[in-house]
Amino acid sequence: MTEASSTPAASGRRPSQRTPSGPVRTAEQIVEIVSDSGEGAQKAGQSFAAICAQMGNGIWTVEIIPAEIKPPARSRAGASGIRVRFGSDRVTNMGDSADLVVAFNEQVLYGRISQDVYDEGLVILLENKWATDRREVVRREYAEALEDFDRRGYNVIGVPMEEECLKLTPTPRLGKNMFVLGMLSAIYTRDIDLALNEISRVFARKGPKVVELNQRLIRAGYDYAKENIDLSFEVLSAPREGKQVVMNGNQAAGLGVMASGMEMVAMYPITPATSISHYLAGVFPGVGGCVHQAEDEISAIGFAIGASYAGKTACTVTSGPGLALKTEFIGLAVMAEIPLVIILVQRGGPSTGLPTKVEQGELMPAIFGSPGDDPKIVFAPATIEECFHFVITARKLAETFRTPVVLLTDANLATGMQPFPRPEVKEEWLAPPIDQSPWDPEVPPYDWDEESGISPRPIPGQRGGEYVLTGLAHTRGGKVAYDPESNQTGCEMRSRKLAALRRTLKPPEVSGDPEGDLLIVGWGSTLGAIDEAVVRARSEGLRVASIHLRFLSPLEPGLDDIFARFTKVLVVEINYSDPHNAPYIDENTRRFSQLAKLIRIRTRYDVDCWSNVHGQPLSPGLVYGEIVRQIGALKGAER
Amino acid sequence: MTEASSTPAASGRRPSQRTPSGPVRTAEQIVEIVSDSGEGAQKAGQSFAAICAQMGNGIWTVEIIPAEIKPPARSRAGASGIRVRFGSDRVTNMGDSADLVVAFNEQVLYGRISQDVYDEGLVILLENKWATDRREVVRREYAEALEDFDRRGYNVIGVPMEEECLKLTPTPRLGKNMFVLGMLSAIYTRDIDLALNEISRVFARKGPKVVELNQRLIRAGYDYAKENIDLSFEVLSAPREGKQVVMNGNQAAGLGVMASGMEMVAMYPITPATSISHYLAGVFPGVGGCVHQAEDEISAIGFAIGASYAGKTACTVTSGPGLALKTEFIGLAVMAEIPLVIILVQRGGPSTGLPTKVEQGELMPAIFGSPGDDPKIVFAPATIEECFHFVITARKLAETFRTPVVLLTDANLATGMQPFPRPEVKEEWLAPPIDQSPWDPEVPPYDWDEESGISPRPIPGQRGGEYVLTGLAHTRGGKVAYDPESNQTGCEMRSRKLAALRRTLKPPEVSGDPEGDLLIVGWGSTLGAIDEAVVRARSEGLRVASIHLRFLSPLEPGLDDIFARFTKVLVVEINYSDPHNAPYIDENTRRFSQLAKLIRIRTRYDVDCWSNVHGQPLSPGLVYGEIVRQIGALKGAER
Amino acid sequence: MIGVESDWSSEPPPRYFTLEDYEGGEARWCPGCGDLAVLTAVKRICRDEQLPPEKVVCVSGIGCSSRFPHYMKTYGFHGLHGRALPVACGVRSRRPDLHVWVATGDGDCCSIGAAHWIHAVRYNMNLTVMLFNNEIYGLTKKQTSPTTPQGFATNTHPLGAVLPPLKPVSATLGFTNVSFVAQTVDWNIAHLYATLKKAHEHKGLSFVHILQRCPTFTPGVFDDLQSDPERILLLEHENGIPIDPAVARLYPKKLVHDPLDSNMARILADRVEELPLGLLYCDPDRPGYEEFTGRGIGMGVGEKLEFLNRELDRFTI
Amino acid sequence: MIGVESDWSSEPPPRYFTLEDYEGGEARWCPGCGDLAVLTAVKRICRDEQLPPEKVVCVSGIGCSSRFPHYMKTYGFHGLHGRALPVACGVRSRRPDLHVWVATGDGDCCSIGAAHWIHAVRYNMNLTVMLFNNEIYGLTKKQTSPTTPQGFATNTHPLGAVLPPLKPVSATLGFTNVSFVAQTVDWNIAHLYATLKKAHEHKGLSFVHILQRCPTFTPGVFDDLQSDPERILLLEHENGIPIDPAVARLYPKKLVHDPLDSNMARILADRVEELPLGLLYCDPDRPGYEEFTGRGIGMGVGEKLEFLNRELDRFTI
Ligand SMILES: Cc1ncc(C[n+]2csc(CCOP(=O)(O)OP(=O)(O)O)c2C)c(N)n1
Ligand SMILES: Cc1ncc(C[n+]2csc(CCOP(=O)(O)OP(=O)(O)O)c2C)c(N)n1
Ligand code: SF4
Ligand code: SF4
Ligand SMILES: [Mg+2]
Ligand SMILES: [Mg+2]
């Protein structure tokens, strides 16, 4: 990742220079499309991102999702849309403030402004029909907003989107998004044919008429922008090796499920995990698999456990509240050593919390949620690509270690889109048919290896292997036992599996200075933002580095050694920690963020933490700011 | 507790001296009655303990519970009964090996032998009818056992219990236990009238005929022992101030519920919590309260939360698997700030585990189980007396801090009986009728105090206070809000309550050397065993002390200062930690016990831990052994 | 009807509540969503019955329909998915003075909350339970619900729901101690109002199955019921839902059905050709669990202290 | 009946199974506990049907009755309280070759597991579900179950259970897609055997309600049913449970009942004067969910790889 240090994208405000005779060349751009819900902003943005990716740019998308299904029109809480960050180099996160926003009305912009994602200099392409709306209140709101935007230093360019679309369709509300796609294609000198193709692919099922209309709308937008908007940028692309795919994290996880050879996903709908099953519901039969929507989360994991017990290692997908309900069954799976994959797409908590927003708040409950000792494997992908590959690993770990494996992704990875090298599917990933050959009756059902705690398992249908799985304390022979030694032995054997797995893990790679003032420790979806911030800080001479953990249980080895090389260790994550300066809060009372707790248990290093529960993906700018602040404090500067 | 150091009870093997003309005077005795289940051993033992308490002795009882409802007769797994430890001084735990056992058959003794609770020198009063059983196999088993017991150094005294009882009743199986009570009364020079009274009280409801028969059985046993058994002990009692009550922890908690003014306990049956509700079901109406048995644990806590929301702060009682199911609702109660008392009687885990046995394995899930940040109050009584008083505190804390409060007891406290000063019930404990006076509509439903996070709450019926409670992120005004600041603020306010509470807590008291080599840190039901072990070790010159934590969340203050005064800090608890010497386990991989984790998070002290998952209450002897080993290791002796 | 509840402190001047007194936050359902009609009906009933807003509690789970409490200016409890009923029962357990309305969706009640559904019906506490059946998971965007028509394509079953839909009314009629089961539709406002009013008046748990339109995710599933009056069977009885003349005119098919006839109720509930509208079953004499949970509510402190001391004496040595 | 299952590898010499081949650990129920009779019946059916022990899976929850799997020498899954049915459905989902027996108690099935009960019945997967109804919580020692008779004193209701008992058969008959509901008693071994055998043969979820004696905690609750043959109504039909002549002699009251008649089934189930014994309802043609969950089980690796590559192509830029 260190190459990134030489790219301009990494150094904060992106320099751009207008070539005398053409578009401004720039290393990257952050574009948003924001509308009322149901106006298709997301679709337009996804297509735009796909086109950028096809042209060889790095991309990252973030969906802007309102809480209601159909919030009232022109409401701040109703902002619906998408952010697309694209650049010459690989793009790994949502970036900081946007460069350009296309807005279908002025009110939804306030929804975004309250999230603090816009800065002075922002360009806004704004539907201007509101200026002449027949409702006085609307006209006034619009006028007031324009004044306010001006004060904020935004450059507003009014665009008669609806008026233009009306020339082609009587229902412009449904076509505007394509018009916008056309405009953006023009402004960012995209290949219009790519746009037209993309759209014919997307609407293929709706028939040629629909495709044609949408293509005409794209062209209209394209032409309009060329003629009327004096903005033109070029984001060159770096040459790229091999084939790439582009998808979001939930699609990647869904593909991973299929490629892992699992045949059963049992789930209960819950945002932001559900779209994994939406995706799978359509395609899973293609590999002979099945999505079971259960009556609740408890039943879903029970069903998956039943299938796993019967030899068909299964998967369940959920998020916070669902995890809470699965707690008891997860304990059973640990105790009775049932392989199982749990994909946990974290969302904002506690309780129903912020259902559509991001948080990394399910780490502690995933590891420590079940009563009694419940050692299980917990790991977390940090990129879209890892969302795919880690599922395959999860299945393998689950079966090798005969245990549930929790994969922690989050709302940011779930909906973020990014290109990555097209995976080469391996036949060995697809598990062979389950073993039904006779089992040596002399071998007990829990034939624990003394060193690793690992044991093979009999599968129903295997003659000679008949045993009764139970969640009660049991012996090596699978028999219920209440004596002190049996329970102690069982607990030790299950715990030993984590130590055995840990031995196979490598210490995390240090990204940035091999030693220095500050080490940032992160996990999960924050990888891109942290890396970018570190690169930027280093380019300014700060001695900072980062490590990014994948395995959380067991925790990756080698942390002490790495920590020892830095003056200070700072955990950065998206979950709650007490701020330093609050009333009654001091170093003795401060409640730490979740990874910080884990690390303190393991290393007793005095790690500090910096986190928030804003429900937003981390931006590199925020992390950069904290790096500067922390190193400043270390250097004795103002705190 | 330091006075205990001067009593012989605290110094391990108890000295006893036979006065020339009478019973042997001894500071304490450990007696067990062991039988097949259904033979009434527990009832006899409880009565015996009550009599001892009435005579001014300190007592502690431990129930011996088989896993099956009615295990087969004469089976090792079927051992059912009770241990009674009684002494001149206060008795705080089950002690080490027994002094005398009354056994209804020889097989059940093996159930106890496997738990490692007997030593050489044990006296066994054994039903001897098996010697002449008509089944050859029984006769052989009996003879073999006698030989074996002899090899083990036990002194067996055969007693024709059934034969003697047959003289009085045609169903001796139901009367033997009273005969045993009589024998024990004789051997331990108990006041026979106390026994007769106790039994007439216990059987009062069954009518005078039953009482009379049982009294005759007691007399028969008494007379038999006087004539035939050459054992006579006297356990003098220390003078005691004021009235005392004697009960087990679940009864104490149930009484606490009533005395706290709570009117509703919603529960679902689960061992070992259920007996709280059994007790309450009978008496709760006496204070106008109600036990609601719900259809499951989720519904139980939901019901309690509904009652709490409506102003009647309620309680739910459960154990491990039930806690797992309540996880989601606990998160809601934290998020929406609903006062609620959760009594968690911990049992052996993980999963269904060891349902009737003790473990302190629900600490981490109680604190960290719910997704997102869920600061709640968690504290643990360490004595039967505290089981009573802490419930009253719990209700108060729940309402003051507007939050769920978890009270962690365990299977050891649940069934252990101990005398303590009769509480003086205070009118102020019984909450006043709920406030239904108008609410100032200007005051929002979450009017957080900036310093403490505390806010008053409107209760349905209060005019002007109408608000909608929600588990979604919300503002001070109770309105759903998805913006970054609202969620951050809500989380901070809820977290602040813990810091505010912590300020009111005192550092734990150090029991033993104020500074020295080893500090033991414990919590919950292990208090008595740890204290006794420390006293014994100190009496042998070891520089050891202990602290015993009540508040786990927030953790009690002042730990660093105390730790600094000792060379080593060792957490002792009953839950899982990796043993030091297992394959692949080293200081980097070792998984710590639960309180050790909490302390490492808080203090980063290199605390060691010593724990097991034997499902047994800690014995002072085991703790003592570990103290010796640890201090030996510190002194460079063999490890 | 203006009146003062006996448990409401009668302060002068007597309060008169208008619809506005029950207006909570602006309703945020999709245009055309049937939830709005139910909200309006409940507000009207509160007004017509002059229920003091502070004495009304709306309890819900999670779902589009469960946003209901936010739009009332009364007390409300927007809890967990599937768990409206336990909370509502708990609220009533010691507060017989509160009027409790429960809003629950077909997923909320019949899927994740199904155990509570059975048992709350059996507890028969005084609640008005409104099952908003839009035959889909609305809030999470179109997954199959237990009541989704077989073959209807959803995001989790793109080739169509696999199983025949669960019938909430048929199932409820099989639960022990059921005391009130009615069926109505969001689009007939008069019938909806009359049904909910009757339900509110019923002492015990009144279960009202409301067919609720979701134009966003199940557009058209009720089209034939809306367009063809022959598909509706209007239940009439003196103990049934009072029928507005306009409603009577609208639906030609009518049946006199005695709500005490549970057997006929089940036959009607299973009917596929027509949808029976009205009160299928009502037994006002079923035992209510509040009799049990509410005992001793008013007990005085003195009595409690005395009992506690007696109880402690029992343990005293 | 000796036979080789088509999915069982036919290795020579053919195996013949005796009762001992199904004998698991020594049963640890109380003397006189009705669970033992059911265990014996199931073992006999396995033997008579010559089910290879490795192809049999007994799934249970937690409770006395849920110890069932431990006493069979087959595969077994003694899981969580209330959760036998989800696990059993999962086992069947991709393993149509396994014979799955489910043992569940009245608390396990009708209280904590009630949501799964409704939905498993609707999924109608090929399971034999045995509800052991002893009208009490046995394992945890005498707490009220939903089926405890009203007024019966338990440890949680020392003054007697408060509510009328839930009727498992009546409720089940109201669940959508129910395909087999029978009722029998532990003390009539012939009828018990015949009922479980019929249930095992049924393709789909067969729900067998077994009145089960618990001499320890509910002694006597079935006394009148045991002592007074007039309290039993024996259901007869050519599609019903085959009736042993001895059983026929025992019970004078008989009724010819067509198991396809769901309406009559519900009337019978509600009957209080007599207990209907036999097959109340059976529709062999209800759709089974395994049709859906089992699709593609045998798909080859090549086909899968090809599909995966096609799918990746769709995302390739
Ligand atoms: C424990 C839990 N599981 C899942 C969800 C996600 N969820 C929210 S609402 C809902 C279903 C809503 O459907 P329904 O109950 O029919 O209500 P509707 O939206 O249709 O009114 C689901 C699955 C959740 N919030 N909590
Ligand atoms: C989640 C959970 N809650 C409660 C329990 C305790 N528990 C075990 S069995 C049981 C009830 C048993 O009654 P039933 O299902 O009727 O079976 P029976 O023992 O009567 O055969 C209960 C409440 C548990 N093991 N797990
Ligand atoms: S999605 Fe359906 S149920 Fe939800 S608000 Fe919109 S129309 Fe109503
Ligand atoms: S308690 Fe009852 S159900 Fe349980 S084993 Fe004993 S007799 Fe059987
Ligand atoms: Mg719905
Ligand atoms: Mg039972």
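Here the structure is shown first, and the text comes after it.
About the thresholds
- Residues numbered from 1 in each chain as written.
- Chains lettered and ligands numbered in written order.
- Predicted model: local features only at pLDDT ≥ 70, side-chain atom pairs only at ≥ 80, totals over all residues.
- Heavy atoms only, no water.
- Helix = DSSP H or I, 4+ residues; strand = E, 2+ residues; numbered from the N terminus.
- Contact = heavy atoms within 4.5 Å.
- Areas by Shrake-Rupley, 256 points an atom, 1.4 Å probe, with all protein chains shown as cover.
- Lys, Arg positive; Asp, Glu negative; His and termini not counted.
- Charge placed at Lys NZ, Arg CZ, Asp CG, Glu CD.
- Near = heavy atom within 4 Å.
- Polar contact = N/O pair within 3.5 Å; in protein donor to acceptor, adjacent residues only side chain to side chain.
- Least-squares fit on C-alpha atoms with pLDDT ≥ 70 in both.
- Buried area = accessible area lost by both parts, 1.4 Å probe.
- Salt bridge = Lys/Arg side-chain N within 4 Å of Asp/Glu carboxyl O.
- Phe/Tyr/Trp six-rings, centres within 6.5 Å; stacked < 30°, edge-to-face > 60°.
- Buried < 20%, exposed > 50% of the residue type's maximum accessible area, 1.4 Å probe, protein only.
- Lys NZ or Arg CZ within 6 Å of the ring centre and 35° of its normal.
- Donors = N, O, S within 2.8 Å, 3.2 Å for Na, K, Ca; no water.
- Expected span 1.5 Å × (residues − 1).
- Bend = angle between axes of the 7 residues up to and from the residue.

All right, on to the overall build of chain C then. Secondary structure summary: chain C contains eleven helices and nine strands in total. With the C-alpha coordinates of chain C rotated into their principal frame, the extents come out at 75 × 50 × 40 Å. Of the contacts formed within chain C by residues at least 6 apart in sequence, a portion of 68% connects residues at least 24 apart. Accessible surface, chain C: about 10,500 Å² in total, of which carbon and sulfur atoms supply 54%. Computed over 31 positive and 37 negative side-chain charges, the inter-centroid distance for chain C is 4 Å.

So, about the site of ligand 2. Taken together, 22 residues lie around ligand 2, and B:E297, D:C64, D:S65, D:D106 and D:D108 are the ones closest in. Around ligand 2 the close residues trace back to chains A, B and D. Within the contact set of ligand 2, an oxygen atom lies 2.9 Å away from a side-chain nitrogen or oxygen of D:N134. Interatomic distance of 3.1 Å between a backbone N/O atom of D:I136 and an oxygen atom of ligand 2. Considered on its own, ligand 2 offers 590 Å² of accessible surface; in the complex 98% of this is hidden by protein. For the shell around ligand 2, the elements supplying multiple residues, two or more each, are α11 (320-336) of chain B together with α3 (106-112) of chain D.

Let us now look at the relation of the copies chain B and chain A. For these two chains of identical sequence, chain B goes onto chain A by a turn of 180 degrees and a shift of 0.0 Å along the axis, with RMSD 0.1 Å. Such values leave the two copies arranged in the relation of a two-fold axis. Both copies share a contact surface, since 99% of the interface residues of chain B are interface residues in chain A too.

In this assembly, 68 residues from chain A lie in contact with 54 residues from chain D. Contact between chain A and chain D buries roughly 5,000 Å² in total, counting both sides, with carbon and sulfur atoms accounting for 65%. The residue D:R94 makes a salt bridge to A:E263 at a minimum N-O spacing of 2.8 Å. At the level of secondary structure, the elements contributing two or more residues to the side of chain A that touches chain D comprise α1 (41-54), β10 (244-248), α8 (249-259), α9 (274-283), β12 (290-293), α10 (297-309), α11 (320-336) and β18 (468-470) of chain A. Ranked by residues supplied to the side of chain A that touches chain D, first place goes to α10(A) with eight residues.

Right, let's talk about the packing of aromatic side chains for a bit. What characterises a pair of aromatic rings is the spacing of the ring centres plus the angle enclosed by the ring planes. Scanning all chains against the criterion turns up 54 aromatic pairs over all chains. Plain terms: the ring middles of A:Y309 and D:F77 are 5.1 Å apart, the flat faces sit at 85 degrees to each other, and that makes the pair edge-to-face. A residue pair is termed interchain when its members come from two chains, as with A:Y309 in helix α10 and D:F77 in strand β2 (residues 75-78). Like A:Y309, the residue D:F77 is buried in the burial classification. Residues B:Y110 and B:F149 carry aromatic rings whose centres are separated by 5.5 Å and whose planes lie at 35 degrees to one another, so their mutual orientation is tilted. With B:Y110 in helix α2 (residues 106-113) and B:F149 in helix α3 (residues 136-152), this pair connects stretches of sequence that are 39 residues apart. Taking relative accessible area as the criterion, B:Y110 reaches 12% and is therefore assigned buried. A relative accessible area of 0% means that B:F149 is categorised as buried. Sitting over the face of the ring of A:Y624, A:R536 holds its NZ or CZ atom 3.8 Å from the ring centroid.

All right, on to the coordination of the magnesium ion (ligand 6) then. Surrounding the magnesium ion (ligand 6) are the protein donor atoms D:D106 (OD), D:N134 (OD1) and D:I136 (O), at 2.0 to 2.2 Å. Along the chain, the residues donating to the magnesium ion (ligand 6) fall in the pattern D-x27-N-x1-I.

Residue and element names in this part refer to chain A. Here α11 contains 17 residues, and its C-alpha end-to-end distance of 24 Å stays within 8% of the 24 Å for a straight helix at 1.5 Å per residue. At T327, α11 shows its strongest bend, of approximately 50 degrees. For α11, the buried fraction is high: 17 of the 17 residues fall into the buried class. Of the residues trailing α11, E337 is marked for its positive phi of about 60 degrees.

Another point: the site of ligand 1. The environment of ligand 1 is formed by 22 residues, the closest being A:E297, C:C64, C:S65, C:D106 and C:D108. Mapping the residues adjacent to ligand 1 onto the chains of the assembly identifies chains A, B and C. C:N134 is positioned with one of its side-chain polar atoms (N or O) 2.9 Å from an oxygen atom of ligand 1. Backbone polar atom of C:L139 to an oxygen atom of ligand 1: 3.0 Å apart, as the coordinates give it. Coverage of ligand 1 by the protein chains reaches 98% of its 590 Å² of free accessible surface. Those elements that provide at least two residues to the shell around ligand 1 are α11 of chain A together with α3 (106-112) of chain C. With three residues, the single largest contributor to the shell around ligand 1 is α3(C).

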